[in-house]
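# Per-entry structural report
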Amino acid sequence: MSTPNVGLVTAEQYFYHQSIIDFGPDAEPGADLESPVPRRRLLNLLRKTGAADACRAIAPIALDRADLERVHTPDYLDAFQSLSAMNGGELGDYAGFGRGSYEIAVLSAGGVAAAAEAVARGDVDRAFALVRPPGHHAEPDRARGYCLLANIPIAVERVRALGLASRVAIVDWDVHHGNGAQVIYYDDPNTLTISLHQAQLYPIDSGFIDEVGEGAGRGANLNVPLPAGSGMGAYRYAMTEIVLPALEAFAPDMIIVACGYDAGLLDPSSQMAVTARGFGEFTRLLVQAAAGSAQGRLLIAQEGGYSPLHSPFCGTAVVHELLGWEFGLVDHYDLDDSAPEQLLQEYQRQAIDAARRAGVDSGALPH
Ligand SMILES: [Zn+2]
């Protein structure tokens, strides 16, 4: 098999966005989860292993206002731009930002858009977009959960406007619910949105199994809320029982992953136990799924992941897998697949089976 041609997007500006969250009067300042550090260290590690050099560098696209307005309301964009030009502000829950974040967020969406276009045109076989700020919680008229612009939907709509793709599947394995794509595409039958997440973590009031899409979009939204404590056994079962059959049934012509590492076993924002190696395994499954229907077209876009030590390992596992490389790192926090946390527990199986049944009922999954 020939070496895949993998695109890598990043930009120095991504590390200069400042997220500012008020955790209340009892939280001593200076200890927020979100910072540039995990992303910077991921890029450094990709350089150290040679993976960054093995990828084809893709520059972010300079998006214009029309690109953003395919997803966001003009009022939201105006408010964001003007607050950013002053001293920053907050336009949604857990989503404060500093001065100049508008331009960086547009460049972040432009990074995902550039990667999507390169994949859709066949310039590269697959791509990884190492962007910041993330996007999967952003909704058309509000920022949420560190996310300011809906990076992936903006990229999808641009690729569609260029006539390069029609049916798109978004697989969100960030540990938090992919509410943004769900809201944006809830009635769209041509965009399959699948979210695997820790149940009722964030947003606490969305991501339930009965949110299956509406109207023509019924059966094109799948939620797999997993119990806290889920490890590789639960994730593997969810992948093989729900994600892969849903992708096969939907037959997208492009797959985009909202890739967080916050289901990782060292992540401070959640209570899951996915290994770094596990993120490579998920990537391998989606490479295979993309080969099945989408002519291999796969884009992995950076979302969350807050462990400065572990998330660079997780991201490196993803990129090495895209390149067809071995994981190859010395990971002191690897857990053997036979460790108790990694085995599929009965209550986890029941939760995943319930999500699967909801998908069968809605038409997202075959009987
Ligand atoms: Zn997350």
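Parameters and conventions
Residues numbered from 1 in each chain as written. Predicted model: local features only at pLDDT ≥ 70, side-chain atom pairs only at ≥ 80, totals over all residues. Heavy atoms only, no water. Salt bridge = Lys/Arg side-chain N within 4 Å of Asp/Glu carboxyl O. Buried < 20%, exposed > 50% of the residue type's maximum accessible area, 1.4 Å probe, protein only. Helix = DSSP H or I, 4+ residues; strand = E, 2+ residues; numbered from the N terminus. Donors = N, O, S within 2.8 Å, 3.2 Å for Na, K, Ca; no water. Core = buried A, V, L, I, M, F, W, Y, C linked by side-chain atoms within 4.5 Å. Contact = heavy atoms within 4.5 Å. Phe/Tyr/Trp six-rings, centres within 6.5 Å; stacked < 30°, edge-to-face > 60°. Axes fitted to C-alpha atoms, helices over the stretch in contact; angles between N-to-C directions. Parallel < 35°, antiparallel > 145°, perpendicular 65-115°, else oblique. Nonpolar A, V, L, I, M, F, W, Y, C, P; charged D, E, K, R; others polar. Expected span 1.5 Å × (residues − 1). Pairing = 2+ DSSP bridges. Right-handed = clockwise from strand over helix to strand, strands pointing away.

Side chains carrying opposite charge are able to pair once their charged atoms draw close together. Using the criterion set out here, one finds 20 salt bridges in the structure. Arginine 142 is the salt-bridge partner of glutamate 139, the closest N and O atoms lying 2.9 Å from each other. Overall, arginine 142 belongs to the partly exposed group, its relative accessible area being 32%. Where glutamate 281 meets arginine 236, a salt bridge forms, and the shortest distance between an N and an O atom there is 2.5 Å. In this pair, glutamate 281 is assigned in helix α9 (residues 276–293) and arginine 236 in helix α8 (residues 232–250), connecting sequence segments 45 residues apart. Connected through salt bridges with shared partners, the residues Asp67, Arg70, Glu117, Arg121 and Arg158 form a single ionic network.

Ligation of the zinc ion by protein atoms is provided by Asp174 (OD), Asp174 (OD), His176 (ND1) and Asp262 (OD), these donors lying 1.9 to 2.7 Å from the ion. Written as a sequence motif, the donor residues of the zinc ion are D-x1-H-x85-D. In this pair, histidine 176 sits in the loop between β4 (168–172) and α7 (179–184) while aspartate 262 sits in the loop between β7 (254–259) and α9, placing the two residues 86 residues apart along the sequence. For the pair histidine 176 and aspartate 262, a shared accessibility class is recorded, and that class is buried.

Phe128, Trp173, Leu247 and Leu286 are the most contacted members of the largest nonpolar core, which has 66 residues in total. What tryptophan 173 contacts, discounting residues up to four positions off in sequence, is Leu196, Met239, Val257, Ala258, Cys259, Gly260, Phe279, Phe282, Thr283, Leu286, Ile300 and Val318. By size, the runner-up hydrophobic cluster in this structure holds 53 residues, among which are Phe97, Tyr102, Leu107 and Ile184.

This next bit is on the packing of aromatic side chains. Aromatic ring pairs are described here by two measures, namely the spacing of the ring centres and the angle between the planes. Evaluated as defined, the whole model comprises 10 aromatic pairs. Each ring, one from tyrosine 146 and one from tyrosine 306, has its centre 5.7 Å from the other, and the planes form 55°; the classification is tilted. With a gap of 160 residues between them, tyrosine 146 in the loop between β3 (126–129) and α6 (151–161) and tyrosine 306 in the loop between β8 (298–302) and α10 (311–323) connect regions that are remote in the sequence. Residue tyrosine 146 shares its accessibility class with tyrosine 306, and that shared class is buried. Seen from their ring centres, phenylalanine 279 and phenylalanine 282 are 5.7 Å apart, and the 75° between their planes marks the pair as edge-to-face. Of this pair, phenylalanine 279 and phenylalanine 282 both sit in helix α9, three residues apart, roughly one helical turn. Take phenylalanine 279 and phenylalanine 282: they sit in the same class, and that class is buried. Taken together, the ring pairs connect Trp173, Tyr235, Tyr261, Phe279 and Phe282 into an aromatic cluster.

A few words on the packing of helix α4 (residues 74–85) against helix α5 (residues 101–121). What describes two packed helices is the angle between their axes and the distance between those same axes. In contact at an axis separation of 7 Å, α4 and α5 are set at 125° when each is read in the N-to-C sense. When the axes of α4 and α5 are compared, the pair comes out oblique. The residues of α5 that touch α4, namely those facing Leu77, Phe80, Gln81 and Ser84, are Ser101, Tyr102, Glu103 and Ala105. Per-class residue counts for the contact of α4 with α5 are four nonpolar, three polar and one charged.

Here the focus is helix α11 (residues 346–362). Structural remark: α-helix, 3.6 residues per turn; residues separated by three or four positions point the same way. The end-to-end C-alpha distance of α11, which contains 17 residues, comes to 24 Å, matching closely the 24 Å that a straight helix rising 1.5 Å per residue would cover. In this fold, the buried residues of α11 make contact with β6 (221–226) and α8. Of the residues flanking the end of α11, it is glycine 363, one or two places downstream, whose phi is positive at about 95°.

Right, let's talk about the pairing of β8 for a bit. Extensive coverage of β8 is indicated by the burial of five of its five residues. Side chains Leu298, Ile300 and Gln302 project from β8 onto one buried face, and the interleaved Leu299 and Ala301 project onto a second face that is buried too. Bridge count for β3 against β8 is four bridges, and the pairing is parallel. Pairing of alanine 127 across the sheet is with leucine 299, part of β8. With five bridges joining them, β7 and β8 adopt parallel strand pairing.

The subject of this paragraph is the pairing of strand β5 (residues 191–198). Among the eight residues of β5, eight are classified as buried, and the element is accordingly described as predominantly covered. Sheet topology note: the β4/β5 ladder contains five bridges and is parallel. Considered in β5, the bridge of valine 171 is made with isoleucine 194. Of the crossover connections in this fold, the one passing from β4 over α7 to the parallel β5 is right-handed. Inspection of the sheet shows β5 paired to β6 by six bridges, in the parallel sense. Bridge assignment links threonine 193 to a residue of β6, and that residue is asparagine 221.

Across the sheet, eight strands lie side by side as β2-β1-β3-β8-β7-β4-β5-β6; this open sheet has parallel pairing. Only two strands of the sheet have a single neighbouring strand rather than two, namely β2 (56–58) and β6. Between one strand axis and the next, the sheet turns by 15° as a mean value, whatever way the strands run. Set on the sheet, α5 makes contact with β1 (6–9), β2, β3, β7 and β8; between it and β3 the angle comes to about 175°.

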